[in-house]
Each structure stands twice: as structure tokens, then as C-alpha cells.
Amino acid sequence: MAENLSYTKAASQLHLSQPAVSMQVKQLEQTAGMPLLEQVGKKLYLTEAGQIMRNCANDISDRLKETSEKIAQLQGYQRGSLKISVATTASYFVIYMLKRFSELYPQITINLDVTNRSSLLEQLSKNERDITIMGEPPNSLDLVARPFMDNPLIMIAAPNDPLLKKKRIRLGELASQTFVIREEGSGTRAAIQRFFENAGVEIQSTIEMSSNEAIKQAVQAGLGLAIVSSHTVKLEIESGHLVEIRPLQFPIMRKWYLVHPAGKILSPLASLFDSFVMDYKNEVIDE
Ligand code: PGA
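Calculation rules
Throughout, residues of each chain are indexed from 1 in the direction in which the sequence is written. A pLDDT threshold of at least 70 governs which residues receive local features in this predicted model, and a stricter bar of 80 or more applies before side-chain atom pairs are shown or counted, although totals over entire chains, interfaces and linings include all residues. To get the side-chain values, take all heavy atoms of the structure and skip hydrogens and water. Strands here are runs of E lasting at least two residues and helices are runs of H or I lasting at least four, both read from the DSSP assignment and numbered beginning at the N terminus. Put simply, the radius of gyration uses C-alpha atoms, and a globule should come to 2.2 Å times the residue count raised to 0.38. Contacts were defined at the residue level, with two residues in contact if any of their heavy atoms lie within 4.5 Å. Residue exposure ignores everything except the shown protein chains as possible cover, and the areas themselves are Shrake-Rupley values with a 1.4 Å probe. Charge assignment: positive for Lys and Arg, negative for Asp and Glu; neither His nor the chain ends contribute. The location of each charge is read from NZ of Lys, CZ of Arg, CG of Asp or CD of Glu. Three labels apply to residues, based on accessible area from a 1.4 Å probe with only protein chains included: buried if under 20% of the type maximum, exposed if over 50%, partly exposed otherwise in between. Any two strands with at least two DSSP-identified bridges between them are counted as paired. Residues are counted as near a molecule or strand when any one of their heavy atoms sits within 4 Å of it. Pairs of N or O atoms within 3.5 Å make up the polar contacts considered here, provided that, within protein, one atom can donate a hydrogen while the other can accept it, and that residues adjacent in sequence are counted only when both atoms are side-chain atoms. Residues are said to line a cavity or pocket when one of their atoms sits within 4 Å of a point; the points come from a 1 Å grid over protein atoms alone, cavities being sets where a 1.4 Å probe fits but cannot get out and pockets being open sets with protein on both sides within 12 Å along at least five of seven lines. Being in a pocket or cavity means that more than half of the molecule's atoms lie within 2 Å of its grid points. Polar here means any residue other than Ala, Val, Leu, Ile, Met, Phe, Trp, Tyr, Cys and Pro, which are nonpolar, and Asp, Glu, Lys and Arg, which are charged; Gly is therefore polar. Any carboxyl oxygen of Asp or Glu that lies within 4 Å of a side-chain nitrogen of Lys or Arg is treated as forming a salt bridge with it. A pair of Phe, Tyr and Trp rings is counted when the ring centres sit within 6.5 Å of each other, with Trp represented by its six-membered ring. The angle between the planes then sorts it: under 30 degrees is stacked, over 60 is edge-to-face, the rest tilted. Grid points are joined across faces, edges and corners, and a volume is the space filled by probe spheres set on the points.

A few points about the overall build of the chain
Within the chain, the secondary structure is distributed over nine helices and 11 strands. Radius of gyration (C-alpha) of the chain: 32 Å, far over the 19 Å computed for a compact globule of 287 residues. When its C-alpha atoms are laid out on the principal axes, the chain stretches across 105 × 40 × 30 Å. Here the analysis covers contacts within the chain between residues at least 6 apart in sequence; of these, 75% occur between residues at least 24 apart. Accessible surface computed for the chain: about 16500 Å², of which carbon and sulfur atoms make up 51%. For the chain, the separation between the mean place of its 31 positive charges and that of its 32 negative charges on side chains is 2 Å.

Quick word on the pairing of strand β11 (residues 252-261)
The buried fraction of β11 amounts to eight of the 10 residues, a majority that puts the element mostly inside the structure. As judged from the three bridges shared by strand β5 (residues 131-134) and β11, these two strands associate in the antiparallel manner. Of the residues in β11, the one forming a bridge with Ile133 is Leu258. Bridge count for strand β6 (residues 143-157) against β11 is 10 bridges, and the pairing is antiparallel.

Overview of the environment of Val180
Checked against the element boundaries, Val180 lands in strand β7 (residues 178-182). C-alpha separation for the pair Val180 and Gly224, spaced 44 residues apart in sequence, amounts to 6.0 Å. For Val180, the residues in contact, after removing those within four places along its chain, are Ile207, Met209, Ile215, Ala218, Val219, Leu223, Gly224, Leu225 and Ala226.

Quick notes on the site of the ligand
Near the ligand the following residues occur: Ala87, Thr88, Thr89, Asn116, Arg117, Gly135, Arg182, Ser186, Gly187, Thr188, Arg254 and Trp256. Ser186 is positioned such that a nitrogen or oxygen atom in its side chain is 2.8 Å from an oxygen atom of the ligand. One of the backbone N or O atoms of Gly187 is found 2.9 Å from an oxygen atom in the ligand. Against a free-state accessible area of 280 Å², the protein chains account for coverage of 100% of the ligand. Under a 2 Å grid-point criterion requiring more than half of the atoms, the pocket assigned to the ligand is the largest cavity. Mapped onto the shell around the ligand, the elements with two or more residues apiece are α6 (187-199) and β11. Of the residues contributing to the shell around the ligand, the split by class is two nonpolar, seven polar and three charged.

Looking at the pattern of salt bridges
The final tally for this structure, using the stated rule, is 14 salt bridges. Between Asp274 and Arg146 there is a salt bridge, and its shortest N-O distance comes to 2.2 Å. Of this pair, Asp274 sits in helix α9 (residues 268-285) while Arg146 sits in strand β6, placing them 128 residues apart in sequence. On the accessibility criterion, Asp274 (9% relative accessible area) is buried. When the shortest N-O distance is used, the salt bridge between Glu184 and Arg189 registers 3.2 Å. On the basis of relative accessible area, Glu184 is assigned to the exposed category, the value being 58%.

Examining the packing of aromatic side chains
This model, assessed by the stated rule, comprises nine aromatic pairs. With centroids separated by 5.6 Å and ring planes inclined at 55°, the aromatic side chains of Phe93 and Trp256 adopt a geometry described as tilted. You can see Phe93 sitting in helix α4 (residues 91-104) and its partner Trp256 sitting in strand β11, a full 163 residues away along the chain. Assessed through its relative accessible area of 4%, Phe93 is described here as buried.

Considering the layout of surface pockets
The calculated volume of the largest pocket comes to roughly 460 Å³. Only α2 (18-32) and α3 (48-77) provide two or more residues apiece to the lining of the largest pocket. By residue number, the principal contributor to the lining of the largest pocket is α3, which donates five residues.

A word on the side chain of Thr115
Examined against the element boundaries, Thr115 turns out to sit in strand β4 (residues 108-115). A polar contact is formed between the side chain of Thr115 and the side chain of Ser119, at a distance of 3.0 Å. In this structure Thr115 touches Val86, Ala87, Thr88, Leu120 and Gln123, once residues within four positions along its chain are discounted.

Next up, the structure:
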């Protein structure tokens, strides 16, 4: 009506009868408490109140359009697939994170690759995945990396290990122990090697295994000691199948990072997951 300034045109545009339009205008005028239209000669004009009402109606219609566009966009963001790669060790908590994420966004399909640090770095250099969760990223690649959770590395032993009787264990005393360690390419392994090198301690005997699960079994069986992320042994320590020992300077404090290549434009789903991880980190730690 405010656009056409004609009852006949407004009625035809709105598929209403002319008296129905006139009734609506009267109701609006009652609400405003002032006339919205005035007739000068044969022509209708908006009064000042009518112009205010028209501007306000236009604003409301713009906001409604904007709102429905945003909702449509959000629905679009909640569908599709997401390629996530995580370090083997991170998979222990990422699984719980994904459970919560897929409860919130059931229409997002997740493809999870669980692999060691060196494979993650290769994928990152080829820009193959949407998002990566790993231990500290190297400076040699141009990456965006944000820490979101602590990753303490603890020393574990079988419940009957004689070291448990000692009150104070110096790092030097560990040199003669056998350690069960991860394969070449593992971030945990690299961090442990760096730690002992910095401390000037040379471990004499190691047994190498390519899985955290195998390492846990080996330590339980008394094959040696191991240093693993605390995320991987929560259950075994709670049940008493493994025990934590705390030499001086332990645990080795590390962090988990959300990583993607610098310059990569994150897809809407990847951004959604990224914010989800940053927002939910505290809950995840409690799993
Ligand atoms: P990983 O863990 O030992 O399973 O490769 C990655 C990391 O801790 O950096």
C-alpha cells in the first residue's frame, strides 16, 4: 500500500479484496494513533507517520530476510563431510570429542585418519585434510597452529616394578632401564628423545613398537618402562594394571594443537569443527 499508494493495486498485489486492505490500514492507523495516509485531490500520500511506519516495515522485512538467509546458511553448514587427521595418541580423546560433535551435528559425515606425526606432516604439506590434531607442529612447515589442551607425558611401569619402592628417582638412574618406545616418526618418541638429550641422559636399551596399545601390554607384562601420553593410560591406571612413576622433572609437559596449512581457507564445516574444539576443550578433558 505504501509503495503503490492505491487500494486497488495493493489489493491485487496482496490477493486481498479492497475493503480488506482498507481495514488493515485502519487497524494500523488505530495502532499508530494517527492517520497514515492523506488524500489530496484524487491522489493518496503518506503522512509523516505513514512514512515512519513504511520505513519501519521495510526494516522488519529486511531483518526477516537476513534471518532466513542465516538459518539457511547454518543448515548448509551442518551437512557435508569433514576430513580430520589426528595423531595416533590423540585418538584416545578425539573419539569422545567426535561423539559430542556428531550428537550436535548428526548430518555431518566424518572421515577420521589416525596416523603418526610424520604422516600428518606429509598430509599437511600436500594440503590433503580439512583439519589436523597433533603435538607441537614444526617450524619447517608454514602452518597455523593453536594449542587447545595439555598433553602430559607420564612414565608408566608394571604394578610390581622395583622402581616403585624408591621415593626419589633421578633421571640419571633411568639410563640403565629398558624403555618400550614408539616407532620412528612418532611425535611422542621425538619429544622423549629431546627430553633425555637435554637432560644429558642416554638410555641404553629400547624396544620399539608402533602402537600405544602394544606398548601398554608390553609394560604390563614387565618388558620395560614406557613414557606415554596420560590420555592413553587413564583406564589402566585407574584399574591398577599400570602405575605411574614420577622421576624428577616428570611429567613432560606438551600440548595438543589444531593445525592447518597457512593460507588455507577453512571450509564452513572445518571452521565449525575448529570452534567446537576450542569451545569444548574443557569438557573433553573431563572424559
Ligand atoms: P604420535 O603423537 O606419537 O602418536 O605421533 C603425536 C605427538 O605427540 O606429537
